[in-house]
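Chain residues, written in single-letter form:
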Amino acid sequence: MPRQLLAALALTAMGSTSALAQTQEQKNVMQHVAVLYIADKWCSEYSVDLRNINRAASSLNIKPDRAPFTSFIKAEMGKTEEALSDAGTKEGCNVIFGLYGPKGSAVSGQMMRK
């Protein structure tokens, strides 16, 4: 099951959702934002640092509370929640930790074990 979640998150990180008038760099950051927002909501055994990813979003003029950013982020959050639900919260959070933890392969240092 963790491989399926990892594959789903990898597809998300590669830009599987399209959005108008957004650069690929903005899409990548918004996908990370979505995954980390879900991790913050679902992964109670972890502490998620949203400051750095929010700063990265801000530096790229991403405004998560405005269109078209809102719809893109919500769609990505839905994909992540579905993948977590399919894998189970504990396994899913472990996979996300592998991507965003201290030695994360996506954006390291965004999650810590409590």
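Residues numbered from 1 in each chain as written. Predicted model: local features only at pLDDT ≥ 70, side-chain atom pairs only at ≥ 80, totals over all residues. Heavy atoms only, no water.

Trainee: So what exactly am I meant to see when it comes to the overall build of the protein chain here?
Mentor: Helix and strand counts for the protein chain stand at five helices and two strands. Beginning at the N terminus, the succession of helices and strands in the protein chain can be written as α-α-β-α-α-α-β. Burial statistics for the protein chain: of 114 residues in total, 40% are counted as buried. At a minimum sequence separation of 6, the contacts of the protein chain that also span at least 24 residues come to 63%. (Helix = DSSP H or I, 4+ residues; strand = E, 2+ residues; numbered from the N terminus. Buried < 20%, exposed > 50% of the residue type's maximum accessible area, 1.4 Å probe, protein only. Contact = heavy atoms within 4.5 Å.)

Trainee: Mind showing me how you'd approach the environment of I62 here?
Mentor: Relative to the assigned elements, I62 resides in the loop between α3 (51–59) and α4 (69–87). Residues I62 and Q26, 36 residues apart in the sequence, show an inter-C-alpha distance of 7.0 Å. The contact partners of I62, leaving out residues within four places of it in the chain, are Q26, V29, M30, A57 and F69.

Trainee: What is the right way to look at the environment of N94 in this model?
Mentor: Tracing the backbone through its elements, the reader meets N94 in helix α5 (residues 89–100). The sequence separation of N94 and Y46 amounts to 48 residues, and the corresponding C-alpha distance is 9.4 Å. Contacts of N94, omitting those with residues within four sequence positions, involve Y46 and R113.

Trainee: What is the right way to look at unusual backbone geometry in this model?
Mentor: It is generally the case that most residues other than glycine have a negative phi and that most peptide bonds are trans. Between A67 and P68 the backbone carries a cis peptide bond, its omega angle lying at 0°. Relative to the assigned elements, P68 resides in the loop between α3 and α4. Despite not being glycine, N61 shows a phi value in the positive range, around 60°. Tracing the backbone through its elements, the reader meets N61 in the loop between α3 and α4.

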